[in-house]
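What the coordinates show
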Amino acid sequence: MPSLTHCRDDFPILKRSVHDGVPLAFLDNAASTQRPLSVINAISECYEKYYANVHRGIHTLSEESTERYERSRKTVASFIGAKHDHEVVYTAGATAAINTVARSWGGQNLKPTDTVLLTIAEHHANIVPWQQLAAEIGFKIEYLPLQDDFQLETNAVREALESYQPKLFAFTAASNVLGTSFPVAEWTALAHQQGSTVLVDAAQAAPHQSINVQAWNADFLVFSGHKVCGPTGIGVLHGKEQLLEQMPPFLGGGGMISRVTTEGFETAALPDKFEAGTPPISEAIGLEAAVKYLTEIGLKNIEEHEKTLARHAEHGLRQIDGVSVIGPQSGEKTGIVSFVLSHAHAHDVAHSLSDRGIAARAGHHCTMPLHHALGLTATTRASFYLYNTLEEAEHLVHSVAEIQQKFTPTGRRRRRRKQ
Ligand SMILES: Cc1ncc(COP(=O)(O)O)c(C=O)c1O
C-alpha cells in the first residue's frame, strides 16, 4: 500500500482532539473533506494580496483576480481531462450543477412523452431536480433497481436503456452509501447507442479516482469542491461544448450577457453564459490549490490507500456478530463502508463512535429511495480519505465491536446491573 502518512501533517485540523483529549479520527469524508494548508493559504493569500471582483474592473487587483480565477478553470479542466477550458462551468456545487442541467438542458429538451432514467442509488441531488421538472413537464422517471447483492450489472443497465429509451440517463459514478463504483464509460456508450444524453454525478468519484471526461464521454459531469479538499460554495459542471452552446442560460444577471437593452439581452460566450452574478472567486482559487494538491499526491495513490483502509475496516466489521455491511462484497469499490448493527440505531452508533473520537455519519445520507429499497431507515457510514490511517480503520472496527456488545440485550443487562 502506498503510504500517505506524510499527508496527515498537511491538514492542521487533524491535529485537534475532541471530548477533552480524545484524538480525532475523521471518517466523514464522503460528506465533506478537510483542507490542506496549501488550500487554506491560497484562499488567505487571495484576500490578503489581490482580491477584487473578476471580469469587470480595469484595475490591477481585478486583473490579477481575473487571471487567477481563469487560471483555476484551466487547472480544473486539465484535472478532468476536458477538451476545452470553457467546458468547465463553476457552480455553487454538484447540486447546483445538476439543477443547472435540469433547468437549462432539461427545460429545453424534455417533453411529456420522454423518460429520464436514474439508478435507485442516486443522491437526492440527482433525483429531486428531475422530480421538480417532471412535475412541470410531465415526463416519466424510471429507476434502475439494485440486485440482492447490492450490485447493478451492466446487462440490467443495457436492458433498461433498450426498454425505456430514455432521453436522459443520469447516474452516479460512485455511490455515497454502498461504496460501489460504476463503469461510467461502458454505461455511457450503451446510453449513447440508444440516443440518450448522459449526466454523470461524479461527486463521490472526483475525490478518489482520476477522471478523464473525454474517455468517459458523458455529456455532462458534475462534482463539488468541498469533497476534493477544496472550499465549500464551488462546484464544477462539465458539459460538451456543443451541448452547452445550444443550451439557454439558467440564471440571469450580470456576467452572463454580452448586451442588454430594455427589450432583451444577448448571452455571453461560454462559460460566462452559465456564471451569472459574482462567481465564487476565492473558492475557485482554493479549488485550484486543492486539485493541484491531489494531483501531486496522485489520484491512483489516493484511490489505493483509501481502498486498502476501507477493505480492512469492512473485513473487520463483517466479522462482528450482528453487524451487517450495506454494500457488495466484491467489485469496484471506493473508500466508503456503510453498516447497520442488529441492536443499535445508526444515530446511537454514531454518537458512541463520536465519544471515541470517530467522526462518522448516520442517517439516510440523502439517499432515502435507496434506503427504502433496502428496507432500512438509516445506516452508519465511515468514509476514508488520503489522510486516514490503518490505526483509524482498526479503531473503528474495535469501537463498533464494543458498541454492538454494549447494545445487545446481555450487554444492556450488564450495564444496568453496574449502574
Ligand atoms: C453522490 C453525490 N451526489 C451529489 C451530492 C451533492 O453534493 P453537494 O451537496 O456538494 O452539492 C453528494 C453529496 O453528498 C453526493 O454524495
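Scoring rules and cut-offs
- Residues numbered from 1 in each chain as written.
- Predicted model: local features only at pLDDT ≥ 70, side-chain atom pairs only at ≥ 80, totals over all residues.
- Near = placed C-beta within 6 Å.
- Nonpolar A, V, L, I, M, F, W, Y, C, P; charged D, E, K, R; others polar.
- Domains from an automatic or database assignment.
- Contact = placed C-beta atoms within 7 Å.
- Helix = DSSP H or I, 4+ residues; strand = E, 2+ residues; numbered from the N terminus.
- Core = buried A, V, L, I, M, F, W, Y, C linked by C-beta atoms within 7 Å.
- Buried ≥ 20, exposed ≤ 12 C-beta atoms within 10 Å, placed from the backbone.
- Pairing = 2+ DSSP bridges.
- Axes fitted to C-alpha atoms, helices over the stretch in contact; angles between N-to-C directions.

1. Some details on the site of the ligand
The local shell around the ligand holds 13 residues, among which Gly93, Thr95, Asn176, Ala203 and Ser224 are the closest. When the residues that make up the shell around the ligand are grouped by side-chain class, the tally is 4 nonpolar, 8 polar and 1 charged.

2. A few points about the domain arrangement of the chain
Structurally, the chain comprises domain 1 (5-30 + 298-418) and domain 2 (39-296). Of note, the centres of domain 1 and domain 2, computed from C-alpha atoms alone, are 29 Å apart. With 26 residues of domain 1 at the contact, the number on the domain 2 side is 24 residues. A per-element tally of the side of domain 1 that touches domain 2 places helix 10 (residues 299-318) first, with 6 residues.

3. Concerning the nonpolar core
Core analysis: the largest hydrophobic core is formed by 120 residues, its most contacted members being Val200, Ala202, Ala218, Val222, Ala290, Ala313 and Leu317. Element by element, the count of residues in this core is highest for helix 9 (residues 281-297), at 9 residues. Of the residues that make up this core, three or more belong to each of domain 1 (5-30 + 298-418) and domain 2 (39-296). Discounting chain neighbours no more than four positions away, the residues touching leucine 317 are Val323, Val325, Val337, Phe339, Val397 and Val400.

4. Examining the sheet that holds strand 14 (residues 336-341)
Ordered by their spatial adjacency, 4 strands build an open sheet running 13-14-17-16, and the pairing between neighbours is antiparallel. At either margin of the open sheet sits one strand with a lone partner, and together these are strand 13 (323-325) and strand 16 (361-363). Shown here is a sheet whose adjacent strand axes are inclined to one another by a mean of 30 degrees, direction ignored. Pairing geometry for strand 14 and strand 17 (residues 379-383), over 4 bridges, is antiparallel. Pairing of valine 337 across the sheet is with alanine 382, part of strand 17. The strands touched by helix 10 are strand 13, strand 14 and strand 17; relative to strand 14, the strand with the most contacts, the crossing angle is about 15 degrees.

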